[in-house]
Amino acid sequence: MGSLPDLGSIGDFGNIGDMGGFDMPSPISRMPAKLSKRAKAAVIVKLLAAQDIKLPLAHFPEEMQVELAHQLTDLRYIDKDTLAAVVEEFLEELEAIGLSFPGGLEGALNVLDGTISATTASKLRKNAGFSLTGDPWERISDIDISRLMPVLQEESVEVGAVLLSKLKVSKSAQLMSMLPGERARRIAYAISLTSSISPAVVQRIGISIASQLDAQPPQAFADHPPERVGAILNFSSSATRDGVLEGLDETDKAFAEEVRRNIFTFANIATRIDGRDVAKVVRGVEQDMLIKALAGATGEAAASTDFILSNMSKRMADGLREEIDTLGKVKESDAEEAMNAVVAVIRDLESTGEIFLLTGDEE
């Protein structure tokens, strides 16, 4: 069976007639058995509400919501026979539905998501003049942080406050952490002033932000260049990584610094992994690879071996130390492979949100 039909347009319920709301003038008078379709819609809404079933009425046009409120205000009592007739006809309407379709452009694009190109979807929204039905914030909440960040940086702090207030707390926290300190403080204060903003203003802000996002040209790559280069160098040999960074320093020092911030190697474990997450990392690495990585880490990377061993149970750490001593010296290529395997597990855990990398400044 499809989704619930629009209560404002459910059939005529013609068998029950066309009378509207009514009053009960005395205990002995009975409710007329004839109701308008709008009154019957109000009866269904009241009946479902009594069962703690909340319908998504906010998606209906405003005039329909107002009319429904008027009907609920005018109605007083109905007898059991009238209620049974309304419910029976409502169920007949539901059973007659074979398939329901989303209303408006946004509903259609949600159905087609993944089957049409982002460019086509953007053109459709642009041609519609952004007179979109539904809640623009639902679409904004699904947009990647990298696309939301320019809006947060360029718009007024008041708009930024509304944007962060409408997103999930975790996403808002990520965006806030990426802002310069002064702007983050200003937006945080502006959030304290949003209690008096009307829903209509919030809706207009959502439509405006949606239009800006649709005006952004589609990107061929999800990640920014420093992130892509950093990801490649993560799994390159240390000699290759150092050579590339030296070359980037000579060509574009600022870009080289951004790449360094996006590189995570075995040596970074000691400063960028929370000690409480070490158990998750260790569980995801094959035992022989973990031992090779711990045994083969030298120089700055050796601190990560100590960090890992110090953040697990004494019995397990002692067992790994014995395995390391038994293994002896590890070939450099084998050590690189093993350390990259550990890093790959950390990257996977981070991408799924099971762990969070520290910035490197936390104690």
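Refer to the structure above for everything that follows.
Note that the coordinates shown come from a computational prediction; the quantities given were computed from them, not determined experimentally.

(A) Inspection of the pattern of salt bridges at higher detail. All chains considered together, the criterion is met by nine salt bridges. Put simply, Asp 249 and Arg 260 hold a salt bridge, and the shortest N to O gap is 2.7 Å. Residue Asp 249 is located in helix H13 (residues 238-251), and its partner Arg 260 is located in helix H14 (residues 253-261); the two are separated by 11 residues in the primary sequence. Across the pair Asp 318 and Lys 314 runs a salt bridge whose closest N-O atoms are separated by 2.9 Å. Pair noted here: Asp 318 and Lys 314 are both in helix H19 (residues 314-327), with a separation of four residues, about one helical turn. A relative accessible area of 29% means that Asp 318 is categorised as partly exposed. Linked through salt bridges whose partners overlap, the residues forming this network are Asp 249, Glu 257 and Arg 260.

(B) Representation of the nonpolar core in the model. Membership of the largest hydrophobic core comes to 33 residues, with the highest contact counts inside it found for Phe 266, Ile 269, Ile 273, Leu 294, Ile 308, Val 342 and Ile 346. Among the elements of the structure, helix H16 (278-284), helix H17 (287-296), helix H18 (302-310), H19 and helix H20 (332-351) are those that each provide at least two residues to this core. At eight residues, H20 tops the list of elements feeding residues into this core. Residues within four places of Ile 273 in sequence aside, it is in contact with Phe 264, Asn 268, Val 278, Phe 307, Ile 346, Ile 355, Leu 357 and Leu 358. Judged by nonpolar contacts, the second largest core, of 25 residues, contains Ile 143, Ile 145, Leu 148 and Ala 190.

(C) The arrangement of the packing of helix H1 (residues 37-50) against helix H2 (residues 62-74) in detail. Close contact between H1 and H2 brings their axes to 9 Å; oriented N to C, the two are set at 80°. Overall, the two elements H1 and H2 adopt an arrangement that is roughly perpendicular. In contact with Arg 38, Ala 39, Ala 41, Ala 42, Val 45 and Lys 46 of H1, H2 contributes Glu 67, Leu 68, Gln 71 and Leu 72. When grouped by side-chain class, the residues that make up the contact of H1 with H2 number six nonpolar, one polar and three charged.

What counts as what
- Starting from 1, residues in each chain are numbered consecutively following that chain's sequence as written.
- With the structure being a predicted model, the display of local features is reserved for residues of pLDDT at least 70 and the display and counting of side-chain atom pairs for 80 or more, all residues being used for whole-chain, interface and lining totals.
- Excluded from the side-chain calculations are hydrogens and water; all other atoms, namely the structure's heavy atoms, are used.
- Each reported salt bridge corresponds to a side-chain nitrogen of Lys or Arg within 4 Å of a carboxyl oxygen of Asp or Glu.
- Numbered from the N terminus, helices here are DSSP runs of H or I no shorter than four residues, and strands are runs of E no shorter than two.
- A 1.4 Å probe rolled over the protein chains alone gives each residue an accessible area, and that area as a share of the maximum for its type sets the label: buried under 20%, exposed over 50%, partly exposed in between.
- Here, nonpolar core means buried Ala, Val, Leu, Ile, Met, Phe, Trp, Tyr and Cys residues that are tied together by side-chain atoms lying within 4.5 Å of each other.
- Should any heavy atoms of two residues lie within 4.5 Å, those residues are counted as being in contact.
- For helices, the axis comes from a line fit to the C-alpha atoms of the stretch in contact; other axes are also lines fit to C-alpha atoms, and the angle between any two N-to-C directions lies between 0 and 180 degrees.
- Roughly parallel here means an angle under 35 degrees, roughly antiparallel means over 145, roughly perpendicular means 65 to 115, and every remaining angle is called oblique.
- Amino acids are sorted into nonpolar (Ala, Val, Leu, Ile, Met, Phe, Trp, Tyr, Cys and Pro), charged (Asp, Glu, Lys and Arg) and polar (every other residue, Gly among them).

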